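# Tertiary structure, described
The primary structure of each chain is shown beneath.
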Amino acid sequence: MTLRLRKYFLLHFRPKTVPESTLALTLSWGLGGLAAVLVLLQMGTGLLLKFAYEPTPQGAYASIQYLIADVPFGRLVRNLHHWGANLLVGVVVLHLLRVCFTGAFHAPRRLNWVIGLGLLTTVLLSNFTGYLLPWDQLAYWAVTVSTGMLEYIPGFGPVMQQWIRGGPEIGAMTLRLFFAVHTALVPLLFAVLMGFHFWRVRRAGGLVIPRKADEWRGDPESGEPAPGPARERVPAVPHLIVREAAMAAVGVAAVLLLAVAVDAPLEGPANPGLSPNPTKAPWYFAGFQELLLHVHPTVAVFIVPVMATLALAALPFWRYQADPGGIWFISRSGRRSALAAALSGALAAILWIAVDHGLASYSAATGRFSSVGLPLLLLAAFAAAGWGSFGKRGTGLNNEGVQVAFVFAAAGFAVMTVTGAVFRGEGMALGWPW
Ligand code: HEM
């Protein structure tokens, strides 16, 4: 029985041997494994927190105070859960970027990219639903602002908002709903999606095999096709397992260090009558909140998120001209164009935020121009400059064009997120954080 279980179930997840070249740290940076360790840590610490937490508006805040002050190691467990959750968002985004930039989303890994997007959504859902649970001012108003944004979704936005809040206002029903999603639905989603994700990695024969830059080209002089990637295999035990254990130790040590050094925030108890200034969304939604300050709300909370999700989901299904899987940034010129796109995306976002800041306060007409015409103008200018230099120096592959568009948008959104989270103060005015 145990033998059968090993053979038919466990071995689907744990290969006996792995291609030696995929063990290189510079391929995966251990980020997927680190994300898995953090998810397990969240489940362990979350289980412990459940013994002390009370999911009612009357009892939630007091139960957190009791946990911090009176329960042995209660503060540490809460800090671990808080920092683990925040690190998880960062690690999963970095894992997505590494998968994207090593071209590990081409067939046979296309479905796994989509499962990964499901995991990213689950990570955001778990963070967002957990945010409300302490029922302090920070939690109450961050969730009020975030769910308030839903109003701008045309048609079903208000219904969706009521549905997520469990009524017209944030209250006991919202807390009960968020608690149920956070402690029952999220772990279930993680278990199912992670199982599926790991099994697909196994089905694809392990990680994408690393190759040198430009290896997809073959030899331009002799016309020889590109050599197949090296596939020598080594036993997973000890080679893979030792590396996974080392990465797990690094992850746990990082969270432990943060948890010992910095306490998870806890402000005064939730007060629906007194909104703090500024009222900010959690940092991972700060980019959308920033966008909301510059464009029509429907664009910020509906059109941009829907288009971004569709573009991400479609990424592996484009008709690409080459499969540079295993090569960081496709080629040497791909590296240069990605760097140029990152700098251009960041610069375009900074210019837009700064100019819009001035124009919007000048008059209604300049405000309209700066929220519609200006971003379109900036986009057109950067696209024209990019097209010119790409035509001259790029590989000419559409892979590189898609990569440039992705990097440009990601860098722009990263600047929006940092601006919203760090450089917005009282009345959401721009300013230094110190
Ligand atoms: C909780 C979230 C996630 C966990 C726990 C996780 C875990 C893992 C692990 C352990 C691996 C193999 C080792 C590695 O690449 O480091 C992997 C590979 C992969 N992941 Fe994820 N992942 C998550 C989210 C994502 C996301 C957001 C995406 C992309 C949208 C994604 C797409 C992939 C793909 C395509 C592979 C195969 C890569 C290759 O063959 O080189 N994953 N993931």
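Everything numeric here is computed off the predicted structure, so don't read it as measured data.

## Quick look at the domain arrangement of the protein
With domains assigned, the protein is organised as domain 1 (11-212 + 236-304) and domain 2 (329-434). Using C-alpha coordinates to define each centre, domain 1 is positioned 27 Å away from domain 2. Every contact between the two is made by 18 residues of domain 1 and, on the other side, 21 residues of domain 2. Of the roughly 1,700 Å² buried between domain 1 and domain 2 on both sides combined, carbon and sulfur atoms contribute 68%. Ranking the residues of domain 1 by area buried against domain 2 places Phe101, Glu290 and His294 at the top, with a combined share of 36%. Here domain 1 is connected to domain 2 by one salt bridge.

## Some details on the packing of helix α3 (residues 31-50) against helix α9 (residues 172-203)
Remark: α3 packs on α9, axes separated minimally by 12 Å, with the N-to-C direction vectors making an angle of 155°. One way to sum up the angle between α3 and α9 is to call them roughly antiparallel. Considering only the axes of α3 and α9, their crossing is left-handed. Residues Ala36, Val39, Met43 and Lys50 of α3 lie in contact with α9, whose contacting residues are Phe179, Thr183, Pro187, Phe190, Met194 and Phe198. Residue composition of the contact of α3 with α9, by class: eight nonpolar, one polar and one charged.

## Here's the deal with empty space enclosed by the protein
Scanning the entire structure with this criterion turns up one cavity of 30 Å³ or more. If you add up the space inside the largest cavity, you get close to 140 Å³. If you go around the largest cavity, you meet 16 residues; those closest to its centre are Cys100, Phe105, Ile330, Asn399 and Gln403. Only α5 (74-101) and α15 (398-422) provide two or more residues apiece to the lining of the largest cavity. The element best represented in the lining of the largest cavity is α15, accounting for four residues. Here the residues of the lining of the largest cavity are counted per class, giving 11 nonpolar, five polar and no charged. Counting the residues that make up the lining of the largest cavity, at least three belong to each of domain 1 (11-212 + 236-304) and domain 2 (329-434).

## Describing helix α7 (residues 137-148)
In this model, α7 (12 residues) spans 16 Å end to end at C-alpha, consistent with the 16 Å of a helix rising 1.5 Å per residue. With 11 of 12 residues buried, α7 is to be regarded as a mostly interior element. For α7, the set of buried residues is Gln137, Ala139, Tyr140, Trp141, Ala142, Val143, Thr144, Val145, Ser146, Thr147 and Gly148. Along its buried surface, α7 packs onto α6 (110-132), α8 (157-165), α9 and α11 (286-292).

## Things to note about the site of the ligand
Looking at the ligand, there are 26 residues lining it, with Gly32, His95, Arg98, Arg109 and His197 nearest. The separation between a nitrogen atom of the ligand and a polar side-chain atom of His197 is 2.8 Å. Elements that contribute at least two residues to the shell around the ligand include exactly α3, α5, α6 and α9. Split by residue class, the shell around the ligand holds 16 nonpolar, eight polar and two charged.

## Quick word on the packing of aromatic side chains
How two aromatic rings sit relative to each other is given by the distance of their centres and the angle of their planes. The final tally for this structure, using the stated rule, is 18 aromatic pairs. Their ring planes at 55° and their centres at 5.6 Å tell us that Phe128 and Phe178 sit as a pair that is tilted. Note that Phe128 is positioned in helix α6 and Phe178 in helix α9, a separation of 50 residues in sequence. Of the two residues examined, Phe128 and Phe178, each falls in the buried class. Plain terms: the ring middles of Trp135 and Tyr140 are 5.6 Å apart, the flat faces sit at 85° to each other, and that makes the pair edge-to-face. An identical accessibility class is assigned to Trp135 and Tyr140; each is buried. Aromatic ring contacts, followed pair by pair, group Phe128, Phe178, Trp283, Tyr284 and Phe285 into a single cluster.

## Quick word on the pattern of salt bridges
Counted by the stated rule, this structure contains two salt bridges. For Arg75, the salt bridge identified is with Asp263, shortest N-O distance 2.6 Å. A residue pair is termed long-range when its members are at least 10 positions apart, and Arg75 in helix α5 and Asp263 in the loop between α10 (236-261) and α11 qualify at 188 residues. Looking at Arg75, the relative accessible area reads 39%, which means it is partly exposed.

Definitions and limits used
Residues numbered from 1 in each chain as written. Predicted model: local features only at pLDDT ≥ 70, side-chain atom pairs only at ≥ 80, totals over all residues. Heavy atoms only, no water. Domains from an automatic or database assignment. Contact = heavy atoms within 4.5 Å. Buried area = accessible area lost by both parts, 1.4 Å probe. Salt bridge = Lys/Arg side-chain N within 4 Å of Asp/Glu carboxyl O. Axes fitted to C-alpha atoms, helices over the stretch in contact; angles between N-to-C directions. Helix = DSSP H or I, 4+ residues; strand = E, 2+ residues; numbered from the N terminus. Parallel < 35°, antiparallel > 145°, perpendicular 65-115°, else oblique. Left-handed = near helix turned anticlockwise from the far one by under 90°. Nonpolar A, V, L, I, M, F, W, Y, C, P; charged D, E, K, R; others polar. 1 Å grid on protein atoms, 1.4 Å probe; cavity = no way out; pocket = protein on both sides within 12 Å on 5 of 7 lines; lining within 4 Å. Points joined across faces, edges and corners; volume = space filled by probe spheres on them. Expected span 1.5 Å × (residues − 1). Buried < 20%, exposed > 50% of the residue type's maximum accessible area, 1.4 Å probe, protein only. Near = heavy atom within 4 Å. Polar contact = N/O pair within 3.5 Å; in protein donor to acceptor, adjacent residues only side chain to side chain. Phe/Tyr/Trp six-rings, centres within 6.5 Å; stacked < 30°, edge-to-face > 60°.

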